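Analysis of the macromolecular model
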Amino acid sequence: MASSVICAFNFLSYGVMKRSLILSLSAPLVLMLAACAPEHASVSPINAQATAASVNTRLSRTSWPKNEWWKDYNDPQLNSLIAKALNDAPDMQIARQRITLAEAQAKATMAADGPQIDFSADAERQKMSAEGLMGPFAITDPAAGTTGPWYTNGTFGLTAGWDLDLWGKNRARVEARIGKVNAQKAEMEQTRQLLASSVARLYWEWQTQAAVGEVLAEIKHEQENIIGADRELYQHGITSSVEGVETDINASKTEEQLAGVKGKMKAVEARLQALTNTSSMKLTRHALPTAEAALPATLGYELLARRPDLQEAHWYIEASLSEVDAAKAAFYPDVNLMAFLQQDALHLSDLFRSSAQQMGVTAGLTLPIFDSGRLNANLDIALAQNNLSVANYNKAVVDAVNQVARTASEVETLTAKNQQQQQVEKDAARVVALAQARFSAGIIAGSRVSEAKIPALKEHIATLTLKGQYVDATLQLTSALGGGYHHS
């Protein structure tokens with residue numbers, strides 16, 4: 001064993017003596033290997049400013065959504081639901097754990113770039129071969145210091161190593177990991193705004209259905225008044241039984257509509273339970289909001305900073321660029337520094353003597369010459385991943401601009417429809433007022449007032465439905481504009 005240690009030291013000494021020669025000979029080869037990195041067609045990021053310009057003319061207002069935009073509705077019940085979803089929803093828990101995992105991976109990559117010191121200790125019981133290199137130790141000769149053939153070899157001490165990373169391969173890997181951490185944080189913000197938007201949309205859908213159900217109950221009440229009047233006329237022989245059939249059919253249809261509304265409300269409650277991770281849901285009736293949508297005057301590059309999904313795609317591009325740098329740096333040689341300080345002895349009784357101490361310093365160089373195309377393949381993968389990231393980013397930008405344009409147009413259309421419907425409802429209310437005046441004057445029966453109220457109530461249902469659609473469209477626009485997210 002002592003001879004093997006001596007051989008190892010001779011080899012290391014030879015490597016140190018030849019270091020300058022190796023570096024001088026390897027320099028041209030390094031440049032040649034670097035030139036072997038293949039060229040690939042790259043995908044360029046889209047010009048977001050030019051893409052957004054076509055939408056600028058459609059937008060006329062001045063503000064972006066706030067970070068907690070849902071509080072503008074002044075509805076504590078909605079605030080509570082969204083807060084619970086953002087805290088307890090499984091999607092948010094997954095997003096948080098992804099960030100934790102990405103941060104841990106970044107720390108592990110960063111730690112690998114620094115120096116490392118290890119302590120090791122071992123003991124080995126072995127029998128020496130009389131025919132091998134250590135043959136003299138297989139005999140027992142106290143004068144020569146041998147007590148063979150059995151020996152208990154002991155070693156303990158410190159070992160240190162450091163990859164100098166002259167070409168930035170490890171640093172590029174660290175930057176790639178940091179980029180992925182930032183991408184995961186942006187993904188969590190995207191999950192946050194999607195959850196808030198989904199809860200708000202479901203909540204106002206429930207409120208819309210609840211309002212429609214109340215009006216349907218009023219229609220049913222008026223229909224029952226008409227049915228009661230028709231039955232009284234029939235009992236006095238003034239009308240036939242056939243004349244009340246249509247009112248009975250309409251009342252049955254109203255019952256069917258009420259059942260449909262209740263079914264929709266239960267379905268919404270079930271979806272809200274899933275989003276908020278609760279086992280029960282009990283909502284109270286609140287009026288639909290009257291707040292208008294707030295649209296920024298222009299989009300441009302602001303949209304890129306305001307949408308977390310675009311920032312996520314951007315950070316994946318940054319991470320992929322760092323991966324490309326790391327793959328290119330792999331074509332260059334690795335230079336490592338190593339050192340050790342140990343106690344080594346063939347007898348445990350000699351292990352702690354000063355004469356058992358051994359130490360050394362080594363500078364190592366690893367130069368890739370032939371690897372069957374592994375380095376080129378790794379670079380191909382990194383470049384393809386970068387092009388894919390850029391393509392995904394370009395698609396996300398186009399989709400984002402189109403989403404804003406579509407939702408903004410829908411908000412404007414619903415605004416016009418709501419204004420027209422309000423006029424229709426006013427005209428229907430005038431018919432009811434006229435019928436009420438005639439009833440008060442004794443000109444018509446009370447059932448005729450009910451007959452006049454039913455169309456007006458149906459127009460009110462149309463108004464509520466349009467208003468609910470408008471609220472839903474404004475929520476979609478808020479989501480399209482980033483949901484209050486802003487990357488600085």
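Above this text you will find the structure in question.
Description of the structure in this document.

What counts, and where the lines are drawn
- Residues numbered from 1 in each chain as written.
- Predicted model: local features only at pLDDT ≥ 70, side-chain atom pairs only at ≥ 80, totals over all residues.
- Heavy atoms only, no water.
- Helix = DSSP H or I, 4+ residues; strand = E, 2+ residues; numbered from the N terminus.
- Buried < 20%, exposed > 50% of the residue type's maximum accessible area, 1.4 Å probe, protein only.
- Contact = heavy atoms within 4.5 Å.
- Areas by Shrake-Rupley, 256 points an atom, 1.4 Å probe, with all protein chains shown as cover.
- Phe/Tyr/Trp six-rings, centres within 6.5 Å; stacked < 30°, edge-to-face > 60°.
- Salt bridge = Lys/Arg side-chain N within 4 Å of Asp/Glu carboxyl O.
- Patch = residues over 30% accessible without salt bridge, like charges linked within 9 Å, V, L, I, M, F, W, Y side chains within 5 Å.
- Pairing = 2+ DSSP bridges.
- Axes fitted to C-alpha atoms, helices over the stretch in contact; angles between N-to-C directions.
- Expected span 1.5 Å × (residues − 1).
- Core = buried A, V, L, I, M, F, W, Y, C linked by side-chain atoms within 4.5 Å.

Attention now moves to the overall build of the chain. In terms of helices and strands, the chain carries 11 helices and 6 strands. The burial tally for the chain puts 39% of its 488 residues in the buried class. In the chain, of all internal contacts separated by at least 6 residues, the share reaching a separation of at least 24 is 85%. A total accessible area of about 27100 Å² is found for the chain, and carbon and sulfur atoms account for 56% of it.

We now examine the packing of aromatic side chains. Applying the stated criterion to the full structure yields 6 aromatic pairs. When the centroid spacing of 6.1 Å and the interplanar angle of 75° are considered together, the rings of Phe137 and Tyr151 count as edge-to-face. Taken together, the residues Phe137 in the loop between β1 (116-127) and β2 (140-141) and Tyr151 in strand β4 (residues 150-163) connect sequence positions 14 residues apart. The class of Phe137 is partly exposed, set by a relative accessible area of 22%. Taken together, the aromatic side chains of Tyr73, Tyr203 and Trp204 make up a single cluster linked through ring pairs.

Bringing the pattern of salt bridges into the picture now. In the structure shown here, the tally under the stated rule is 15 salt bridges. For Glu187, the salt bridge identified is with Arg98, shortest N-O distance 2.7 Å. With a gap of 89 residues between them, Glu187 in helix α6 (residues 169-235) and Arg98 in helix α5 (residues 90-112) connect regions that are remote in the sequence. Classification of Glu187 as buried rests on a relative accessible area of 17%. Between Lys220 and Glu255 there is a salt bridge; the shortest N-O distance is 2.3 Å. One end of the pair, Lys220, is in helix α6; the other, Glu255, is in helix α7 (residues 245-276), and 35 residues separate them in sequence. Of the residues examined, Lys220 reaches a relative accessible area of 24% and is grouped as partly exposed. Accessibility expressed as a relative area gives 36% for Glu255, which makes it partly exposed.

The next point concerns a nonpolar patch on the surface. On the surface, a nonpolar cluster with roughly 540 Å² of combined accessible area is contributed by Ile117, Phe119, Leu158, Leu341 and Met359. Among the secondary structure elements, Leu158 is positioned in strand β4. By relative accessible area, Leu158 is classed as partly exposed at 42%.

Below, the discussion takes up the pairing of β4. Bridge analysis of β1 against β4 gives 12 bridges, and the strand direction is antiparallel. What sits directly across from Lys127, in β4, is Trp150. Both β4 and strand β5 (residues 334-345) contribute to a ladder of 10 bridges, which runs antiparallel. Within the sheet, the bridge partner assigned to Leu158 lies in β5 and is Leu341.

Turning to the side chain of Ser479, a few remarks are in order. Within the secondary structure layout, Ser479 lies in helix α11 (residues 446-480). Sequence-distant contacts of Ser479, defined by excluding residues within four places in its chain, comprise Gln193, Leu194, Ser197 and Arg307.

Sheet architecture is open: 4 strands sit in the order β1-β4-β5-β6, paired in antiparallel fashion. Of all strands in the sheet, those bounded by a partner on one side alone are β1 and β6 (357-366). The mean inter-strand angle of the sheet, taken between neighbouring strand axes irrespective of direction, is 20°.

A word on α5. Taking 1.5 Å per residue as the helical rise, α5 with its 23 residues ought to reach 33 Å, and the 33 Å between its terminal C-alpha atoms agrees with that figure. Taken as a whole, α5 has its buried residues at Met92, Ala95, Ile99, Ala102, Ala106 and Thr109.

In this section: α11. An ideal rise of 1.5 Å per residue puts 51 Å on 35 residues; α11 measures up with 51 Å between its terminal C-alpha atoms. Just downstream of α11 lies Gly482, where phi reads positive at about 105°.

As a further point, take the environment of Gly260. Examined against the element boundaries, Gly260 turns out to sit in helix α7. Gly260 gets classed as partly exposed once you look at its relative accessible area, which sits at 34%.

Turning our attention to the nonpolar core. Counting 42 residues, the largest nonpolar core has Leu78, Ile82 and Trp204 as the members making the most contacts within it. Elements that contribute at least two residues to this core include exactly α4 (76-88), α5, α6, α7 and α11. For this core, the leading source of residues is α6, giving 16 residues. Contact partners of Ile82, with chain neighbours within four places excluded, come to Trp70, Ala196, Val199 and Ala200.

Geometrically, the link from Gly148 to Pro149 is a cis peptide bond, its omega value of 5° lying close to zero. Along the chain, the position of Pro149 falls in the loop between β3 (146-147) and β4. A positive phi angle is found at Asp165, which is not glycine, with a value near 50°. Mapped onto the fold, Asp165 is located in the loop between β4 and α6. By relative accessible area, Asp165 is classed as buried at 7%. Here Ser372, not a glycine, exhibits a phi torsion of approximately 60°, which is positive.

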